[in-house]
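Next come the chains, spelled out residue by residue.
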Amino acid sequence: RRSSDLVDYLDFAVNYDATANKSRAELALQDGSADLYPMNDVPIFYGWSIYFPEGYEYNVSAQDRFNIIGQWYHRAYPDTPEAWQEWLDAHGGRGMPPSVHVEYEERANGERGVGIAWKPTPETPASSIGEMGINLGEWNDLVFEIKWSTEDDGYIKAWLNGQLFTDKSGIINMYNPTPKKLKVGLYRGPSARMENTVYYDNIRIGGSYELVDPSNY
């Protein structure tokens, strides 16, 4: 909850991923909650507010830099468990990468922003499909409208503080039909060794923009 003089927050520690040399501190939907949102040709809306304090650090010059602040995580498809196991066996037990994720960005000129990236297949690199500037020390509202699809009729729309900054259609944006799990929190690259804090509020999933728009709460 945010107000002029009070922030209630959940404090949780960074988990260091020794196998991949990365640090992450994330919260995710449980499988049962994710299953409440079947991805059967009906768009799903997601929204949250996010706050980066002034002085938020990011190693913009590092080649391995990334700072993911939200992602949609794949799970095994019950009808074809062997396909998931084949992936795990071929990739050292690591699950499929997210097909869509949201990143904090900092450019060499000092501008700050958020961007959204998309991977058409698990093997292809992620590419930016939209970005927009933000100011540190201010709350920012994000809303996403996503039609998930294993065919080329999916789409992704994203708004920052009510302004559309991503509208990507005619795409594959999920690798199997299992409902995807939303994760929020910090997931950082190997060079990220600084201590950072980020705040989230009004995290919602629903069937319309109005139901998840943080500015309505």
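Quick look at the overall build of the protein
Assigned secondary structure in the protein consists of three helices and twelve strands. When contacts within the protein are restricted to residue pairs at least 6 apart in sequence, long-range pairs at least 24 apart make up 65% of them. Total accessible area on the protein stands at roughly 11,000 Å², and carbon and sulfur atoms take up 48% of it.

What to know about the packing of aromatic side chains
Evaluation of the coordinates by the stated rule reveals eleven aromatic pairs. For the pair tyrosine 46 and tryptophan 72, a centre-to-centre distance of 5.2 Å together with 70° between the ring planes defines the contact as edge-to-face. Here tyrosine 46, found in strand E3 (residues 44-51), pairs with tryptophan 72, found in strand E4 (residues 67-73); they are 26 residues apart in sequence, far enough to count as distant. The class of tyrosine 46 is buried, set by a relative accessible area of 2%. By relative accessible area, which is 0% here, tryptophan 72 ends up buried. With centroids separated by 5.1 Å and ring planes inclined at 40°, the aromatic side chains of tryptophan 48 and phenylalanine 144 adopt a geometry described as tilted. On the criterion of sequence distance, the pair formed by tryptophan 48 in strand E3 and phenylalanine 144 in strand E8 (residues 139-147) is long-range, its members being 96 residues apart. For the pair tryptophan 48 and phenylalanine 144, a shared accessibility class is recorded, and that class is buried. An aromatic cluster of three or more residues is present, and its members are Tyr46, Trp48, Trp72, Phe144 and Trp148. Over the ring of tyrosine 155 we find lysine 157; its NZ or CZ atom is 5.7 Å from the centre of that ring. Over the aromatic face of tyrosine 217 sits the side chain of arginine 204, whose NZ or CZ is 3.4 Å from the ring centroid.

What about the pattern of salt bridges?
Scanning the model with the defined rule gives two salt bridges in all. With its nearest N and O atoms 2.7 Å apart, the salt bridge here joins arginine 75 to aspartate 35. Highlighted residues: arginine 75 in the loop between E4 and helix H2 (81-90) and aspartate 35 in the loop between helix H1 (31-34) and E3, separated in sequence by 40 residues. Judged by its relative accessible area of 42%, aspartate 35 is partly exposed. The residue aspartate 153 makes a salt bridge to lysine 147 at a minimum N-O spacing of 3.3 Å.

Section: the environment of threonine 121
Among the secondary structure elements, threonine 121 is positioned in the loop between strand E6 (112-118) and strand E7 (127-134). Considering only alpha carbons, one finds threonine 121 and proline 97, 24 residues apart in sequence, at a separation of 9.2 Å.

Digging into the pairing of E8
For E8, the tally of buried residues reaches eight of nine residues, placing the bulk of the element in the interior. Bridging between E3 and E8 involves eight bridges; their strand directions are antiparallel. Directly across from glycine 47, in E8, lies its bridge partner valine 143. By the bridge criterion, six bridges tie E8 to strand E9 (residues 154-160) in an arrangement that is antiparallel. Paired with lysine 147 across the strands is tyrosine 155, a residue of E9. The hairpin turn running from E8 into E9, its antiparallel successor, is six residues long.

Concerning the pairing of E4
Counting buried positions along E4 yields six of seven residues, so the element is predominantly enclosed. Two elements, E4 and strand E11 (residues 181-188), share six bridges in a ladder whose sense is antiparallel. Across the sheet, residue asparagine 67 finds its bridge partner in E11, namely arginine 188. As defined by bridge partners, E4 adjoins strand E5 (residues 100-106) across three bridges and the pair is classed as antiparallel. Paired with glycine 70 across the strands is valine 102, a residue of E5.

Looking at the nonpolar core
One finds Tyr46, Trp48, Phe52, Ile69, Trp72, Phe144 and Trp148 to be the most contacted residues of the largest nonpolar core, which totals 35 residues. Sorting elements by how many residues they give to this core places E3 first, with four residues. Ignoring any residue separated from it by four or fewer positions in sequence, one finds tyrosine 46 in contact with Met39, Trp72, Leu142, Val143, Phe144, Ile146, Trp148, Leu182, Arg204, Ile205 and Val212.

Calculation criteria
Residues numbered from 1 in each chain as written. Predicted model: local features only at pLDDT ≥ 70, side-chain atom pairs only at ≥ 80, totals over all residues. Heavy atoms only, no water. Helix = DSSP H or I, 4+ residues; strand = E, 2+ residues; numbered from the N terminus. Contact = heavy atoms within 4.5 Å. Areas by Shrake-Rupley, 256 points an atom, 1.4 Å probe, with all protein chains shown as cover. Phe/Tyr/Trp six-rings, centres within 6.5 Å; stacked < 30°, edge-to-face > 60°. Buried < 20%, exposed > 50% of the residue type's maximum accessible area, 1.4 Å probe, protein only. Lys NZ or Arg CZ within 6 Å of the ring centre and 35° of its normal. Salt bridge = Lys/Arg side-chain N within 4 Å of Asp/Glu carboxyl O. Pairing = 2+ DSSP bridges. Core = buried A, V, L, I, M, F, W, Y, C linked by side-chain atoms within 4.5 Å.

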